[in-house]
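Descriptive analysis of the structure
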Amino acid sequence: MLAILTNMLSMCIPFSVALLLASIGEMFNQRAGVFNLGCEGVMAMGAFIGMLIPFAAGGGGAVSEWYNVLGFAAAAVLGALLGLFFGVVTITFRAPQGIAGIGLQMFGVGTAGTLFRHFVGGTQSIPGIPDIEIPLLSRIPFLGDVFFSHNAVAYLAYLFIPVAWYILFKTPWGLKVRAVGTNPRAADSMGINVSRTRYEALMLGGALAGLAGAYLSIAQAKMFSDTLISGRGFIAVALVYFGHWHPLQIMGGALLFTFAQTFQTQIQSMGISFPYELAVMLPYVLVIVVLSFTSRNQTTAPTSLGKPFNREMRT
Amino acid sequence: MKKLLTIMLALLVAMSLFASGSQESSSAESGDDTIKIALIIENTIDDKGWCQAMHDGITQAMEMLPGKIEYNYSEKMAVVDAGSMARQYVAEGYDLIIAHGAQYKNTVLEMAEEYPDVSFAFGTSSEIGPDNVFTYMPESEETGYLNGIIAGTLTKNNIVGLVGPVDSGDSARYNRGYVLGVQSVNPDCKILVAHTGSFSDYVKSSEVAASQLANGADMMTGSSQQAIGALRATAESPVAMWVGQDLAQLTTPEGQAKCIAASAYNYAAVIVELVEKIESGVKGGECIPMNFNNGGFIFEFNPALEQEWVSPELKAKVEDQIAQFQAAPGVLSDWALVDYSTL
């Protein structure tokens, strides 16, 4: 029984990274007052460009680790540019954020699939990045498997959580982000450039979503197909609500969702008499149930979320 | 400015929709005796699985019947888009429109009623359709059974894994055949079965496979195109090996390294049969089963791994089973009785 539990928990960290990065990125967007439903599309583009670089370098064979690093960097840059593009549409032109987000989602998924067919062809795999067993620590029973036997990006992603918390709650820029998402008019009157702050948050959010996509294609699945993201961008958006726009709670949500995924897989594999259709739904039902019970507590929600800011108009 | 933005967004969405599908054609010299075939698929012609198998079958049939077939295909067709695509093909004078997936059933039946002079086909289905609708049903329990014999024989941990998409169609048949095959040679073997709930979620497929590998499975298989994700996860294991549902998996680096044997649907035989029937005036109303008996399946060992992994006894056992399947159809008619909760 302990072995089964160890196996389930040891998968939670590596399998939750893509959701974690994307939802932390979305958290920065929403904290600044911008609701980006296009996360899925940005992840798809990140997954594509992230995979393309090591694939082009090695033709699917082994390549220097630096090409993987370059893949992640390119995904972050592309994600930031898509965040910038989304900012032009929603901040400068003040388009409805929900519709623009759906447009970005369709654009990202469609473009990534089309470019993939043009530059790569059919479903292809890459060697990706290996797991690293941290000396000594990885040998600790139970804890070694659960915490110290994962790939480098998984460690970095989890180390980024306290950094994200510090940026959001302890830096002047984080204060600006929270101010423009809560009361942009007051922030504006205090001399904060609302549009610029929102642009910056969108670029950071886009970069993290791009990295999340690249994690899927380089570190987890180690392949690309145009269905690779399969709704994970939308789950990331839901996790932001689940985690009440707080990095630590979002991390808890990502881990809980991933644990539910591994748990339902375990239920199926153990041959327990339980309809697999219900087992597959379990993580999603869990998110809905938790959201239902916690949605009353909206005190941390950015009050200007989804509202375009126009300093020339009284609201 | 808002109008400009609205137009830009509309163009963006239209571009995305356009980008999400593709259409290609290859043709023989068109003549009076040419049969024009159109294929509508959910994924792509190079998905190393379900869609590629049919595309490859049609192109092979074109080689078998030189100058007889004109062919066109449309990829990434959602069910809601398939109807308009099929109407376009009807307008262009296509004789046979194949909607490759049971999810297209309602669309096909609706189109068949509207255009009685055009032949349609969809599968997997064992239903007998209207007079202008063919169905086809791969009896995949046979190929699953062969892979099960190999997995049940070669497992050292006495644990084998199976990653399925959804429990329906040919995947359900393959998966249950695999279970029967394992049990036929190794009744005490633990068989881990899990479904991803999707035909195309490669990430979830790899996660399920990783879970089963962590639980000790050392022989793995998977069905439908999502199995590529599970194969990729198996390639990460230093000990586990793979048996495949599709020969296209052998063309991948991980398939070369891990896939001991694989089977394939011989859709070329189905297409040739369909062409012959249409030429003789039969437009539908029949179900074409696919099995070893009628040449509907191909099975091969991986030459790169055969010497190391396949003993003469195992090879003889597999070949003997293929001979039984070739001799008569329906050898595994009790495949549907397999209950995963009893494993």
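All names here are of chain B. Most of strand β7 (residues 159-164) sits inside the fold, with six of its six residues counted as buried. Burial of β7 is two-sided: the residues Ile 159, Gly 161 and Val 163 facing one way and the residues Val 160, Leu 162 and Gly 164 facing the other way are all buried. Both β7 and strand β8 (residues 190-195) contribute to a ladder of six bridges, which runs parallel. Each bridged residue has a counterpart across the sheet, and for Ile 159 the counterpart in β8 is Lys 190. Viewed along the sheet, the connection from β7 through helix α6 (residues 169-185) into β8 turns out right-handed. The pairing of β7 with strand β9 (residues 219-222) spans four bridges and is classified as parallel. The partner of Leu 162 across the bridge, within β9, is Thr 221.

Moving on to the interface of chain A and chain B. Each partner contributes to the interface: chain A provides 46 residues, whereas chain B provides 50 residues. Carbon and sulfur atoms make up 57% of the surface buried where chain A meets chain B, a total of about 3900 Å² over both sides. On the chain A side of the interface with chain B, the three residues burying the most area are Phe93(A), Arg117(A) and Tyr276(A), jointly 15% of the side's total. The interface formed by chain A and chain B holds five salt bridges in total. Two residues, Glu236(B) and Lys222(A), come together in a salt bridge whose shortest N-O distance is 2.8 Å. Counting every contact that joins chain A to chain B gives 19 residue pairs in polar contact (both at pLDDT 80 or more). Counting only elements with at least two residues in the side of chain A that touches chain B, the list comes to α1 (2-31), α3 (65-92), α4 (97-119), α9 (194-220), α11 (247-269) and α12 (276-294) of chain A. For the side of chain A that touches chain B, the leading source of residues is α4(A), giving eight residues. Considered class by class, the residues forming the side of chain A that touches chain B number 21 nonpolar, 20 polar and five charged.

Moving on, we come to the pattern of salt bridges. It is possible for side chains bearing opposite charge to pair when their charged atoms get close. Going through the model one piece at a time under the given rule, you end up with 17 salt bridges over all chains. Lys68(B) is the salt-bridge partner of Asp33(B), the closest N and O atoms lying 3.9 Å from each other. One end of the pair, Asp33(B), is in the loop between β1 (23-26) and β2 (35-40); the other, Lys68(B), is in the loop between α2 (50-64) and β3 (69-74), and 35 residues separate them in sequence. For Arg232(B), the salt bridge goes to Glu236(B), with nearest N and O atoms at 3.1 Å. Look at Glu236(B) and you get partly exposed, because its relative accessible area is 43%. The structure contains a network of salt bridges with shared partners spanning Arg117(A), Asp46(B) and Glu75(B).

Okay, the sheet that holds strand β13 (residues 297-301) of chain B next. Residues and elements named next belong to chain B. The six strands lie next to each other as β8-β7-β9-β10-β11-β13, forming an open sheet whose pairing is mixed. Across the chains shown, the open sheet's two edge strands, defined by having one partner strand only, are β8 and β13. When strand polarity is set aside, the average angle formed by the axes of neighbouring strands in this sheet is 20°. Summarising the sheet, strand β10 (residues 241-244) and strand β11 (residues 259-265) pair through three bridges and their orientation is parallel. Residue Trp 242 lies in a different strand from β11, and its bridge partner there is Cys 259. In the packing of helix α8 (residues 227-235) onto the sheet, the strands contacted are β7, β9 and β10, and the crossing angle to β10 comes to about 160°.

Residues and elements named next belong to chain B. The end-to-end C-alpha distance of helix α7 (residues 202-214), which contains 13 residues, comes to 18 Å, matching closely the 18 Å that a straight helix rising 1.5 Å per residue would cover. Within α7, eleven of the 13 residues are buried, which leaves the element mostly enclosed by the surrounding structure. Here α7 has its buried residues at Tyr 202, Val 203, Lys 204, Ser 205, Ser 206, Glu 207, Val 208, Ala 209, Ser 211, Gln 212 and Leu 213. Measuring from the side-chain oxygen of the N-cap residue of α7 to the backbone nitrogen of Val 203 gives 3.3 Å; that N-cap residue is Asp 201. Downstream of α7 by one or two residues, Gly 216 has phi in the positive range, about 105°.

Moving on to unusual backbone geometry. For the bond running from Gly123(B) to Thr124(B), omega is 10°, close enough to zero to count as cis. Within the secondary structure layout, Thr124(B) lies in the loop between β5 (119-123) and β6 (133-138). Phi is positive for Arg94(A), which is not a glycine, with a value near 55°. When you line up the elements, Arg94(A) lands in the loop between α3 and α4. The exposure class of Arg94(A) is partly exposed, given its relative accessible area of 31%. Within the chain, Lys222(A) stands out as a residue other than glycine whose phi angle is a positive 60°. Relative to the assigned elements, Lys222(A) resides in the loop between α9 and β4 (223-224). Relative accessible area serves as the criterion here: at 5%, Lys222(A) is assigned to the buried category.

On to the side chain of Glu254(B). With respect to the element layout, Glu254(B) can be found in helix α9 (residues 253-258). For Glu254(B), which is buried and forms no salt bridge, the nearest opposite charge comes from Arg232(B), at a distance of 4.5 Å. Within polar-contact distance, the side chain of Glu254(B) engages the side chain of Ser125(A) at 2.8 Å. Non-local contacts of Glu254(B), meaning those with residues more than four positions away in its chain, are made with Ser125(A), Leu231(B), Arg232(B), Ala235(B) and Cys259(B).

With that out of the way, let us pick up the environment of Gly152(B). Residues and elements named next belong to chain B. Among the structural elements, Gly 152 can be located in helix α5 (residues 141-154). Along the primary structure Gly 152 and Asp 167 are separated by 15 residues, whereas in three dimensions their C-alpha atoms are 22 Å apart. Not counting residues up to four positions away in its chain, the partners in contact with Gly 152 are Val 182, Val 185 and Asn 186.

A few words on the side chain of His100(B). Residues and elements named next belong to chain B. As for its position among the elements, His 100 is in the loop between β4 (96-99) and α4 (105-114). Overall, the relative accessible area of 0% leaves His 100 in the buried class. Residues within four places of His 100 in sequence aside, it is in contact with Leu 39, Ile 40, Ile 41, Trp 50, Cys 51, Met 54, Gly 123, Tyr 136 and Tyr 267.

Take the domain arrangement of chain B next. How big an interface is tends to be reported as the loss of accessible area on association of its parts. Residues and elements named next belong to chain B. Domains assigned within chain B are domain 1 (19-139 + 267-290) and domain 2 (141-264 + 297-342). With centres defined by C-alpha atoms, the gap from domain 1 to domain 2 works out at 28 Å. Taken together, the contact between domain 1 and domain 2 spans 13 residues of the former and 15 residues of the latter. The contact between domain 1 and domain 2 buries some 1200 Å² in all, and 55% of this surface belongs to carbon and sulfur atoms. Summed over the shared surface of domain 1 and domain 2, the result is zero salt bridges. Connecting domain 1 to domain 2 are two residue pairs in polar contact (both at pLDDT 80 or more). Those elements giving two or more residues to the side of domain 1 that touches domain 2 turn out to be α2 and β6. Examining the composition of the side of domain 1 that touches domain 2, we find that three residues originate from one element, α2, more than from any other. Among the residues making up the side of domain 1 that touches domain 2, the classes are represented as five nonpolar, four polar and four charged.

Definitions and cut-offs
Residues numbered from 1 in each chain as written. Chains lettered and ligands numbered in written order. Predicted model: local features only at pLDDT ≥ 70, side-chain atom pairs only at ≥ 80, totals over all residues. Heavy atoms only, no water. Buried < 20%, exposed > 50% of the residue type's maximum accessible area, 1.4 Å probe, protein only. Helix = DSSP H or I, 4+ residues; strand = E, 2+ residues; numbered from the N terminus. Pairing = 2+ DSSP bridges. Right-handed = clockwise from strand over helix to strand, strands pointing away. Contact = heavy atoms within 4.5 Å. Buried area = accessible area lost by both parts, 1.4 Å probe. Salt bridge = Lys/Arg side-chain N within 4 Å of Asp/Glu carboxyl O. Polar contact = N/O pair within 3.5 Å; in protein donor to acceptor, adjacent residues only side chain to side chain. Nonpolar A, V, L, I, M, F, W, Y, C, P; charged D, E, K, R; others polar. Axes fitted to C-alpha atoms, helices over the stretch in contact; angles between N-to-C directions. Expected span 1.5 Å × (residues − 1). Lys, Arg positive; Asp, Glu negative; His and termini not counted. Domains from an automatic or database assignment.

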